[in-house]
Structure formats: C-alpha cells, structure tokens
Amino acid sequence: MKPAPFDYVIPGTLDEAIGYLADEDVESHVLAGGQSLIAAMNMRMARPELLVDLGKLDELAFIREENGALHIGAMTTKRTIEFSPVVENTQPLMHAATLMIAHPQIRNRGTVGGSVAHADPAAEYPAVALLLDAEITAVGSGGKRTIAASDFFITYFTTALQEGEILTELRIPAMSPNTGWSFKEFARRHGDFAMAGVGVTLNLDAGGHCENTKVVGFALGATPIRCQAVEAAVNGERPNPELFAAACAKMMDGVEDPTSDVHASVEYRRDLASTLAERAFAEAVGRIGAVA
Ligand SMILES: Cc1cc2nc3c(=O)[nH]c(=O)nc-3n(C[C@H](O)[C@H](O)[C@H](O)COP(=O)(O)OP(=O)(O)OC[C@H]3O[C@@H](n4cnc5c(N)ncnc54)[C@H](O)[C@@H]3O)c2cc1C
C-alpha cells in the first residue's frame with residue numbers, strides 16, 4: 001500500500017522543528033529513521049498530515065561522556081552506537097543489545113530516539129533505558145523537561161511525551177564498578193523482534209551476596225517491566241543455580257495483562273522469560289568474576 005497524502009518539511013534547527021509541531025490544528029509526526037513510521041504509514045495505521053523530518057538536525061546526533069554519564073542524541077543511529085568505542089566501553093550492555101536489533105540496513109537508518117519514542121514493547125532500547133536508569137530529555141514549545149525511564153513507558157506504543165514534544169537526548173548514568181550484566185532475548189530468526197527478552201545487572205557485596213540486582217523483562221507485556229519479585233528473591237543471597245532457578249520462576253509476577261499473540265502464548269513466554277533470566281544471571285555473575 002501507499003501512504004495517505006501528507007506534507008513534508010525538513011527543518012534546519014530544533015527550534016524550527018518545534019515550531020512546526022506546535023500547530024494544534026495539524027496532525028504532525030516527527031520522522032527520524034522512518035524504520036517504523038514509514039511502514040505504519042504505508043499500512044495506513046498512521047496518517048500524519050505533516051511529517052517533520054529531523055534528518056538535518058546534526059545537533060541531535062552525538063555521543064558524549066560527561067562525568068561518567070553517557071549522553072546520546074536522539075538522532076544517533078543504532079549503527080553509530082554499534083561502532084562506538086565509547087558506548088562499548090562505558091555501557092557494554094547497551095552495545096550488546098544494539099547487536100540484537102534487526103539487521104544492519106535497519107540499524108543504519110533507525111535512531112535511538114526513534115526506538116525509545118516508538119515504545120514497541122518488544123524493542124531493545126526501551127528495556128535498556130529502563131534497566132540502566134536512563135533520563136530522557138524532551139523539548140517542546142513549553143520548554144525542556146527530563147523524564148525518568150521508569151515514568152516514560154505508559155503502555156503499548158505510548159509514552160509520557162506530550163503532543164509537540166521532541167525527544168532530544170538519553171542520559172545514562174555510569175555503571176558502578178564491578179557490575180555484572182547480561183542482556184538476552186529469544187527470537188525465532190536473527191533480527192526478528194524478540195518473543196521474550198531479559199536484562200540483568202547486579203553487584204556482589206564483600207561477603208559475596210547479591211546486591212543492587214535489577215531485572216527488566218521485555219516483550220512480555222505492554223511495556224518493559226522491572227521484575228521486582230525476582231530482584232527481591234536474589235538480593236542478599238549468594239549466587240547459585242538453585243537460587244536463580246527459583247527466583248526466575250517469578251519473572252511474570254507483576255506483569256499486568258501479559259502478552260499472548262500468534263507468536264507465543266502467555267505460558268510459553270513465561271517459560272522463555274524464566275529460562276532467559278536464569279542464563280542472564282549466570283552470565284552476569286560470571287562477568288563480575290571476570291573483572292574482580
Ligand atoms: C524489518 C524490521 C525489523 C525490526 N526489528 C527490530 C528489532 O528487532 N528491535 C527493535 O527495537 N526495533 C526493530 N525495528 C524497528 C527499528 O528499530 C526502528 O528503527 C525503530 O523502531 C524506530 O526508529 P526510527 O528512527 O526509524 O523512528 P521512526 O520510524 O522515524 O519513528 C518512529 C516513531 O517515533 C516517533 N519519533 C521518532 N523520533 C522521535 C523523537 N526524537 N522525538 C519524538 N518522537 C519521535 C515518530 O514520530 C514515530 O511515531 C525493526 C524494523 C524493521 C523494518
């Protein structure tokens with residue numbers, strides 16, 4: 001199919017882009033890499049009257065490390081993340097997750113901001129943002145604000161961004177030293193969206209007990225979710241396979257309205273998520289050993 005008719009502008013500055021989006025009488029959409037939006041327009045699931053292309057806003061394409069935190073501009077492509085030594089060294093989990101996103105052609109065009117703003121529950125970057133406590137900057141005609149990732153993802157393809165706001169930047173705080181991490185997903189073919197995915201970070205205290213455990217599951221429900229029941233079961237305990245098996249059985253606890261679709265039933269997703277989480281814990285703990 002072809003998209004419904006639309007107008008198209010390509011602003012040269014962020015202020016100009018915000019100006020275009022401010023007109024409440026026109027249904028406008030931001031165009032970033034177009035890897036989700038153009039497909040939705042072609043299927044007429046999205047029918048914007050005006051496309052505001054951010055493609056010329058070089059001011060939104062950057063990777064910077066400031067005081068240990070990683071700042072990533074919204075128009076930074078996934079391919080740039082993939083080949084960034086700064087990302088690989090400071091946030092190896094994000095780098096690993098990037099390699100699981102689609103295919104090189106899509107990573108060449110698709111942007112960090114586009115993935116986070118699109119908020120597909122099976123996408124990697126929303127889960128990464130939640131797991132790594134990212135702060136998301138949004139700019140609109142009302143000014144600039146910062147939203148914690150934990151407040152950002154509302155439901156399927158819906159975020160805390162307001163009409164006319166542009167996501168401009170992700171700020172990811174530094175990982176504490178000796179953090180173990182793992183990011184795992186299952187997809188039927190390489191490059192497909194995940195049927196289930198899990199990210200884990202944790203530390204070990206001086207006595208070898210797990211602390212600061214964070215677990216995020218994705219493709220399980222309407223948004224990526226913090227799996228607090230799993231975290232609580234692991235914190236304070238010495239890592240071992242029996243502990244992780246028992247804790248990871250709780251992966252779907254707290255997931256409201258778990259996803260069941262043509263790809264996988266709720267029961268299948270629960271099994272997948274638990275197995276992935278067990279493997280993720282083993283890998284994360286192994287990584288602490290490797291750096292200790
Ligand atoms: C075959 C295929 C396989 C894919 N597999 C995966 C996968 O495995 N994992 C995955 O995560 N993704 C996957 N994707 C999606 C891809 O990662 C997209 O790049 C991503 O979802 C959207 O990024 P984009 O820059 O292309 O945004 P666009 O498609 O341009 O925009 C997507 C939405 O976000 C809004 N938007 C974009 N940027 C901003 C901004 N800065 N501020 C506010 N709103 C904004 C747009 O208005 C639109 O509503 C796949 C896509 C295809 C075509």
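Look above for the structure.
Residues numbered from 1 in each chain as written. Predicted model: local features only at pLDDT ≥ 70, side-chain atom pairs only at ≥ 80, totals over all residues. Heavy atoms only, no water.

Enquirer: Can you walk me through the packing of aromatic side chains in this structure?
Expert: Note on aromatic pairs: each is described by the distance of the centres and the angle between the planes. Counted according to the given criterion, the structure contains 3 aromatic pairs. Ring geometry for F152 versus F153: centroids 5.1 Å apart, planes at 85°, classification edge-to-face. One Lys or Arg, R64, reaches over the ring of F62 and ends 4.1 Å from the middle of that ring. Between the NZ or CZ atom of R287 and the centre of the ring of W181, over which it lies, the distance is 3.6 Å. (Phe/Tyr/Trp six-rings, centres within 6.5 Å; stacked < 30°, edge-to-face > 60°. Lys NZ or Arg CZ within 6 Å of the ring centre and 35° of its normal.)

Enquirer: Is there a simple way to think about the state of the cysteines in this case?
Expert: Disulfides are covalent bonds that link the sulfur atoms of two cysteine residues. Taken as a whole and judged by the stated rule, the model has 0 disulfides. Here C227 stays free of any disulfide, with the sulfur of C248 as its closest cysteine sulfur at 9.1 Å. C227 sits in the buried class, given a relative accessible area of 1%. (Disulfide = S-S within 2.5 Å. Buried < 20%, exposed > 50% of the residue type's maximum accessible area, 1.4 Å probe, protein only.)

Enquirer: In this structure, what is going on with the site of the ligand? I would like to understand it.
Expert: Neighbouring the ligand are 29 residues; V30, L37, K78, T111 and E124 lie closest to it. Within the contact set of the ligand, an oxygen atom lies 2.7 Å away from a backbone nitrogen or oxygen of G34. In this structure, Q35 approaches the ligand through a main-chain N or O atom, which is 2.8 Å from an oxygen atom. When the ligand is considered free in solution it has 970 Å² of accessible area, and contact with the protein chains removes 86% of it. At the level of elements, strand 2 (28–31), helix 7 (112–118) and strand 10 (166–172) are the ones that each hand at least two residues to the shell around the ligand. (Near = heavy atom within 4 Å. Polar contact = N/O pair within 3.5 Å; in protein donor to acceptor, adjacent residues only side chain to side chain. Areas by Shrake-Rupley, 256 points an atom, 1.4 Å probe, with all protein chains shown as cover. Helix = DSSP H or I, 4+ residues; strand = E, 2+ residues; numbered from the N terminus.)

Enquirer: Is there a simple way to explain helix 1 (residues 14–21) in this structure?
Expert: For an α-helix, 3.6 residues make a turn, and residues three or four places apart therefore share a direction. Of the positions making up helix 1, those classed as buried are L14, A17, I18 and L21. Seen from one end, helix 1 has its buried residues packed into an arc of 100°, which puts them on one side. Where helix 1 is buried, its residues touch strand 2, strand 3 (50–53), strand 6 (135–140) and strand 10. (Arc of directions from axis to C-beta. Contact = heavy atoms within 4.5 Å.)

Enquirer: Looking at this structure, how should I read the pattern of salt bridges?
Expert: Between side chains of opposite charge, pairing is possible as soon as their charged atoms come close. Per the stated rule, a full pass over the model turns up 11 salt bridges. With its nearest N and O atoms 2.7 Å apart, the salt bridge here joins K214 to D133. Of this pair, K214 sits in strand 13 (residues 210–218) while D133 sits in the loop between helix 8 (124–131) and strand 6; the two residues are 81 residues apart in sequence, bridging distant segments of the chain. Given a relative accessible area of 15%, K214 falls into the buried group. A salt bridge links E135 to R171; the shortest N-O distance between them is 3.6 Å. Highlighted residues: E135 in strand 6 and R171 in strand 10, separated in sequence by 36 residues. (Salt bridge = Lys/Arg side-chain N within 4 Å of Asp/Glu carboxyl O.)

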